[in-house]
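Here is how the chains run, residue by residue.
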Amino acid sequence: MKVVDAIQTRRSIHDFKKQLVNEAVLQEIFQIASWAPNHRLKEPWNVMVFQKEGAQSYADLVIESYLKQGFAKGYSAAKTDKMMNGIKRFLINIPHHALVYLDRDPDLHKFEEDYSAVCAFIQNAQLAAWERGVGALWTTSPYIHDPEFIKGIGLHPASHKVAGVIQMGYPARIPEPKARRKVQLTFQSESFNKKI
Ligand SMILES: Cc1cc2nc3c(=O)[nH]c(=O)nc-3n(C[C@H](O)[C@H](O)[C@H](O)COP(=O)(O)O)c2cc1C
């Protein structure tokens, strides 16, 4: 697949088949992703893949976080239960949850560089996955900022940032593309005076 085709045909996948992706294929996808540009060659990405029974425990932590954040505020116990069971069923039906995290560099400039590199890594992973017929959805749901959730998966909120979770698996349905706006480039080809 040409790079440009992968970029343009890749879609965010919301419906996955139950079938797991072979672990060697996942390893290859993230290995390719690691060719993302990264300043000082820090390769700041780390990936934890929740799957099978691990996805159940992961889903429990997500639900705990949702409840704590008041997602079911005002609902009866029965309605809350129904809603949370629905979320759990939805989450455990996704074959893989690849959580991508990085160390928090105390230097803000370096942290921004690392975070940017991790975002490039995530998009590389999505494209490499797409080329292999594997679908992905880049998610940044609120629980990635919840210190209890972060501790629950064995990380340290003060020293780790969760950049996102890539839901992965073979697509059951591929959505129609959403059109993009024309990118407006502003060319400045003449010398100019400082604006301030
Ligand atoms: C940083 C980031 C976070 C995202 N978070 C979510 C999310 O939480 N839930 C979701 O359904 N899609 C999420 N998306 C996917 C976008 O909704 C999706 O890329 C957009 O609708 C365009 O669709 P396409 O990727 O199929 O072109 C996220 C994308 C990015 C880059």
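Rules used in this analysis
Sequence order as written defines the numbering, with residues in each chain counted from 1. Side-chain atom pairs in this predicted model are given and counted only at pLDDT of 80 or more, local residue features only at pLDDT of at least 70, and totals for whole chains, interfaces and linings cover all residues. Hydrogen atoms and water are omitted, and side-chain values are computed over all heavy atoms in the structure. Buried Ala, Val, Leu, Ile, Met, Phe, Trp, Tyr and Cys residues that are joined via side-chain atoms within 4.5 Å together make up what is termed a nonpolar core. Between buried and exposed lies partly exposed: a residue is buried under 20% and exposed over 50% of the maximum accessible area for its type, with that area taken using a 1.4 Å probe on protein chains only. Only runs of H or I of at least four residues qualify as helices and only runs of E of at least two qualify as strands under DSSP, and these elements are numbered from the N terminus. The criterion used for residue contact is that any of the two residues' heavy atoms lie within 4.5 Å. Under this scheme, a helix contributes an axis fitted over its contacting stretch, all axes are lines through C-alpha atoms, and angles between N-to-C directions fall in the 0 to 180 degree range. Geometric relationships in this document are graded by angle, where less than 35 degrees denotes roughly parallel, more than 145 denotes roughly antiparallel, 65 to 115 denotes roughly perpendicular, and other angles denote oblique. Take the far helix as your reference; a near helix turned counterclockwise from it by less than a right angle gives a left-handed crossing, and one turned clockwise gives a right-handed crossing. Under the convention adopted here, Pro, Cys and the residues Ala, Val, Leu, Ile, Met, Phe, Trp and Tyr are nonpolar, Asp, Glu, Lys and Arg are charged, and Gly plus all remaining residues are polar.

Visitor: Is there a simple way to explain the nonpolar core in this structure?
Guide: Side chains that are nonpolar tend, in soluble globular proteins, to be buried together. In this structure, Tyr58, Leu99, Phe149, Ile153 and Leu155 are the most contacted members of the largest nonpolar core, which totals 26 residues. Secondary-structure elements contributing two or more residues to this core are β2 (46-51), α3 (52-68), α4 (77-92), β3 (96-103), α6 (147-152) and β5 (160-169). Top element by residues in this core is α3. It accounts for six residues. Setting aside residues no more than four positions away along its own chain, Ile153 makes contact with Met48, Phe50, Leu61 and Leu99.

Visitor: What's the story with the packing of α3 against α4 in this structure? I'm lost.
Guide: In helix packing, the relevant descriptors are the interaxial angle and the interaxial distance, both defined with respect to the helix axes. For the pair α3 and α4, the least separation of the axes is 9 Å and the interaxial angle reads 140 degrees. When the axes of α3 and α4 are compared, the pair comes out oblique. For the pair α3 and α4, the sense of crossing is right-handed. For the pair α3 and α4, the contacting residues are Ala55, Gln56, Ala59, Asp60, Val62, Ile63, Tyr66 and Leu67 in the first and Thr80, Met84, Ile87, Lys88, Leu91 and Ile92 in the second. A breakdown of the residues in the contact of α3 with α4 according to their chemical character gives 10 nonpolar, two polar and two charged.

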